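Architecture at a glance
Spelled out, the chains give:
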Amino acid sequence: MTELAACDLTAVIPTLGNHATLARALDDYETQTAAGRFEVVVAADRAEPDLPEIERLAGTRPYPVRVVRGGVPGASASRNAGWHEARSPLVLFTDDDILPTPDLVRQHLDWHAREPAAEVGVLGHVRWARELRVTPFMHWLDHGVQFAFPHIRGIEAGWGRFYTANVSIKAELLRRVGGFDEHRMPYLYEDIDWAYRADRLGMRLLYNRAAVAEHLRPMTLELWKQRARRLALSEREFVRLHPDVEPYFHKRFTSAIQSPPARGLGRNLIRWIPRRFPLLGRHAWLSADMYYGQAIGPEFLDAWNRAEASGGRGQPELSERLDAGLPGGSSPGPK
């Protein structure tokens, strides 16, 4: 491991079984324009089957890097282990399928320098990796499902867009709020749950469009049907903990299911037609919303209703929920 050094920012990367893209991400941190000002902490999940491989990938880098491990399975515990190891006043949360562009760290540092208050965090932009073919479904995910960057006006992002794929905060605020909820919110909605608590302590989240990272994981409708069942259980637990917040996805998928069957003819147009485009844009996006909502909604609502009928939290076994084959990235949440 590279010898520890004083720095301005710590990038925390939770990881579970995603070795190839983790290696790509670590390679790309070598190209940062803020060389010498950051360190990386790779936070292996407790369920990671090959910790020596993670150590090998971290290897010897031109920046300080070390590997830690979460106390229990789940992204929350991994991130907690990572930020507790930070040797800097700023913590950048990202993921093992997120590739930093060369200016990513500098952009976060510059914005925090201009906004030094402990309560200010910086949300960076996440786009699909340029090597991927972006399908209509992947484009749809970017508009209020997986992310909602197009809906941000100005620089005020709001706590519901605290995406740990690319977000930085002061370590002081982390200590004040406390860590991610490892036991009640281990995976999915864990970042939104943290942001809810931070918002109550005055967090202000700013959106820096120039702090760009790339998401190197193609998404399919079938993968999202699998993810929907776990998402339902996490959202149900989130609104149980915070009953003043409406269940975003439950409302969205219920509305889609209750609508007339959609053929989704407009979904192939949304790449080129903005939602605000007069008449045609509204119809194309409504067609896509209903089509994909009706495809994903039954899985989501079935898991929600089963958990409700059981009278319990309904959280699946961790080994099932943390399957490395599931889509990674940040938790979607209230927009």
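Right, let's walk through the structure included here. (Residues numbered from 1 in each chain as written. Predicted model: local features only at pLDDT ≥ 70, side-chain atom pairs only at ≥ 80, totals over all residues. Heavy atoms only, no water.)

Some thoughts on the pairing of strand β3 (residues 65–69)
The two faces of the sheet receive side chains in turn, since in a regular strand these alternate between them. Convention followed: Buried residues are those whose accessible area, probed at 1.4 Å on protein chains only, stays under 20% of the maximum for their type, while exposed residues exceed 50% and partly exposed ones sit between those limits. Every helix listed is a DSSP run of H or I at least four residues long, and every strand listed is a run of E at least two residues long, numbered separately from the N terminus. For two strands to be treated as a pair, DSSP must find at least two bridges joining them. The path from the first strand over the helix to the second decides the hand: if it runs clockwise while the strands point away from the viewer, the crossover is right-handed.
With four of its five residues buried, β3 lies for the most part within the structure. One ladder, built from five bridges, connects strand β2 (residues 38–44) with β3; its direction is parallel. Paired with V41 across the bridge in β3 is R66. Once the chain exits β2 it traverses helix α2 (residues 51–58) before rejoining the sheet at β3, and the crossover so formed is right-handed.

Remarks on helix α1 (residues 19–28)
Which entries qualify depends on this criterion: Contacts were defined at the residue level, with two residues in contact if any of their heavy atoms lie within 4.5 Å.
For α1, the full list of buried residues reads T21, L22, A23, A25 and L26. Those residues of α1 that are buried lie in contact with β1 (9–15), β2, α2 and β5 (98–100).

Remarks on the pairing of strand β7 (residues 166–170)
Of all five residues in β7, five are buried, a share of seventy percent or more. Here β7 shows a buried face lined by N166, S168 and K170 and a second buried face lined by V167 and I169. With five bridges connecting them, strand β4 (residues 90–94) and β7 associate as antiparallel partners. In the sheet register, F93 faces β7, and the bridge partner there is V167. Looking at chain direction, strand β6 (residues 120–128) and β7 are connected through two bridges and run antiparallel.

Considerations on a nonpolar patch on the surface
This is how the line gets drawn: Every patch collects residues that have over 30% relative accessible area and no salt bridge, joining them within 9 Å if they carry like charges and within 5 Å if they are nonpolar side chains (Val, Leu, Ile, Met, Phe, Trp, Tyr). Residue burial considers only the protein chains on display, and all accessible areas are found by Shrake-Rupley using a 1.4 Å probe. Salt bridge, as applied in this entry: a Lys or Arg side-chain nitrogen positioned within 4 Å of an Asp or Glu carboxyl oxygen.
Side chains of L269, F277 and L280 sit close together on the surface and give an oily, nonpolar patch of about 260 Å² of accessible area. In this structure L269 comes out as partly exposed when scored by relative accessible area, which is 35%.

Concerning the packing of aromatic side chains
Defined as follows: Centre distance within 6.5 Å is the pairing criterion for rings of Phe, Tyr and Trp, where only the six-membered ring of Trp is used; planes under 30 degrees apart are then read as stacked, over 60 as edge-to-face, and the remainder as tilted. Counting as a charge over the ring demands two things of the Lys NZ or Arg CZ atom: a distance within 6 Å of the ring centre and an angle within 35 degrees of the ring normal.
Under the counting rule described, the total for this entry stands at 21 aromatic pairs. Taking 6.1 Å as the distance between ring centres and 35° as the angle between the ring planes, the aromatic pair formed by F180 and W194 counts as tilted. On the criterion of sequence distance, the pair formed by F180 in the loop between α6 (171–177) and α7 (190–199) and W194 in helix α7 is long-range, its members being 14 residues apart. Here the guanidinium or amino end of R200 rests over the ring plane of W159, the centre of that ring lying 5.9 Å away. The lysine or arginine in question, R267, covers the ring of Y291, its NZ or CZ lying 4.2 Å from the ring centre.

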